[in-house]
Amino acid sequence: MAELVTTDTRVTAPGEAVPPIPGEVAELIRARAGERLAPLVHGLFRSSLVLDPVADAEDAEDAGEAGDATAPGLVGRLGGLPPLPTGTDWPEFADRPMQLLAQLDCAALAAAFEAGGPDAGGWPLPADGLLLFFQDEWLSDFTGRGCRVLHVPAGAPPRPAPFAERGTPAVPAVPVRAARALSAPSYQDRELERLFPDDFLIALDLAQDLAEQLPRPAVRVLGWCDSDTGRPEGHRPLLQVESGVLAADWGECVNVSFWITHEDLAAGCFDRVRHGFEIA
């Protein structure tokens, strides 16, 4: 049996609880990791929100007007135009206006998160206002700087992107609903690997088993990284979006992600969010 490394892996934010594990998943973990290490694998699980695009026009009408990020039943939308308050500049990168990827209503997200029960701890993001996720649509920066996340009050009018030599067309709006879901680390996450320093194949096989039990969604808030994107040291995923859910041309890019540190997540600070993306 592999010996446990006692290095502090810290996978939860302050006040974040470890969610309960379904019986079949717990049994799978015991079979792979053994009775002694199974509780430590359990401790790596995180709660997340899976965002489900409302693609059907009738469903969107039932949930509310697609252009309204705070309509009943919705938690926001992907794409569209951002409601930027007066005096807030449109984010830019390399002298180009960034592309709005998502605008999410914090109160609606919190309600969806807490509807799953109190066992996952409190909602770690702001309780009100909107979170706006911008990115460099050219995906030209590999250092993680090509993004911006703004927390703004709800109710501001939508604003089109400023003129640029090569414009930044708005991504067509896709309304989304949310449901809480378990999220497990992959074999690329060092927190799981460190539990099995003498046999990496255990972590690899376990991660594959968990991926089959907990399918990867197209859009996720919080949780663990679902893609092969590089993991910025000391960061965790804030938002992940696969390219297939949007009518946007990202070339060979198959998903993008936004990353935040534990400390910034706990403080509600989004000034240092990092950007990641995966090329097929």
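Everything that follows concerns the structure shown earlier in this document.
Procedures and definitions
Residues numbered from 1 in each chain as written. Predicted model: local features only at pLDDT ≥ 70, side-chain atom pairs only at ≥ 80, totals over all residues. Heavy atoms only, no water. Helix = DSSP H or I, 4+ residues; strand = E, 2+ residues; numbered from the N terminus. Expected span 1.5 Å × (residues − 1). Buried < 20%, exposed > 50% of the residue type's maximum accessible area, 1.4 Å probe, protein only. Pairing = 2+ DSSP bridges. Axes fitted to C-alpha atoms, helices over the stretch in contact; angles between N-to-C directions. Contact = heavy atoms within 4.5 Å. Parallel < 35°, antiparallel > 145°, perpendicular 65-115°, else oblique. Left-handed = near helix turned anticlockwise from the far one by under 90°. Nonpolar A, V, L, I, M, F, W, Y, C, P; charged D, E, K, R; others polar. Salt bridge = Lys/Arg side-chain N within 4 Å of Asp/Glu carboxyl O. Phe/Tyr/Trp six-rings, centres within 6.5 Å; stacked < 30°, edge-to-face > 60°.

Undergrad: Any chance you could break down helix α6 (residues 200-213) for me, citing the residues and the numbers?
TA: Taking 1.5 Å as the rise per residue, α6 with 14 residues should run 20 Å; its terminal C-alpha atoms sit 20 Å apart, in good agreement. Buried within α6 we find A203, L204, L206, A207, D209 and L210.

Undergrad: Lay out the sheet that holds strand β9 (residues 219-222) in plain terms, naming residues and giving numbers.
TA: An order of β7-β6-β5-β2-β8-β1-β9-β10-β11-β12 is seen for the 10 strands of this open sheet, with the pairing classed as antiparallel. Among the strands making up the open sheet, the edge pair consists of β7 (147-152) and β12 (274-279). For this sheet, the mean inter-axis angle between neighbouring strands, taken without regard to orientation, is 30 degrees. Bridge count between strand β2 (residues 76-78) and strand β5 (residues 99-105): three bridges; the pairing is antiparallel. From the neighbouring strand, R77 faces β5, where its bridge partner is Q103. Sheet strands in contact with helix α4 (residues 106-115) are β1 (46-53), β5, β6 (130-135), β7 and β8 (174-183), and its direction is about 55 degrees off that of β5.

Undergrad: Would you mind going over the pairing of β9 in detail, with residue names and values included?
TA: Successive residues of a regular strand alternate their side chains across the two faces of the sheet. Relative to β9, β1 runs antiparallel, the two being bridged by three bridges. Bridged to L49 within β9 is V221. Direction of pairing for β9 relative to strand β10 (residues 235-242): antiparallel, over a ladder of three bridges. Counted as the bridge partner of R220 is Q240 from β10.

Undergrad: Got a sec to walk through the packing of helix α1 (residues 23-33) against α6? Specific residues and values, please.
TA: Direction vectors running N to C along α1 and α6 enclose 165 degrees, while the axes themselves pass 10 Å from each other. Relative to α6, the element α1 lies roughly antiparallel. Helix-helix and strand crossings are classified by hand; for α1 and α6 the assignment is right-handed. From α1, E24, V25, L28, I29 and R32 reach across to α6, where they touch I202, D205, L206, D209, L210 and Q213. Among the residues making up the contact of α1 with α6, the classes are represented as six nonpolar, one polar and four charged.

Undergrad: Describe the pattern of salt bridges, with residues and values.
TA: This structure, assessed with the given rule, holds 11 salt bridges. One salt bridge connects R32 with D205, and the closest N-O pair in it is separated by 3.7 Å. Residue R32 is located in helix α1, and its partner D205 is located in helix α6; the two are separated by 173 residues in the primary sequence. Its salt-bridge partner being E233, residue R190 comes within 3.6 Å of it at the nearest N-O pair. Highlighted residues: R190 in helix α5 (residues 190-193) and E233 in the loop between β9 and β10, separated in sequence by 43 residues. What makes E233 exposed here is its relative accessible area of 62%. Taken together, the salt bridges that share partners define one network made up of E27, R30 and E35.

Undergrad: I'd like a rundown of the packing of aromatic side chains, residues and numbers included.
TA: This model, assessed by the stated rule, comprises four aromatic pairs. With centroids separated by 5.6 Å and ring planes inclined at 70 degrees, the aromatic side chains of W90 and F134 adopt a geometry described as edge-to-face. Of the two residues, W90 sits in the loop between β2 and β3 (92-93) while F134 sits in strand β6, which places them 44 residues apart along the sequence. The pair formed by W90 and F134 is uniform in burial state, with each residue classed as buried. On the numbers, 5.2 Å between centres and 55 degrees between planes, the contact of F113 with W123 is tilted. Of this pair, F113 sits in helix α4 while W123 sits in the loop between α4 and β6, and the two are 10 residues apart along the sequence.

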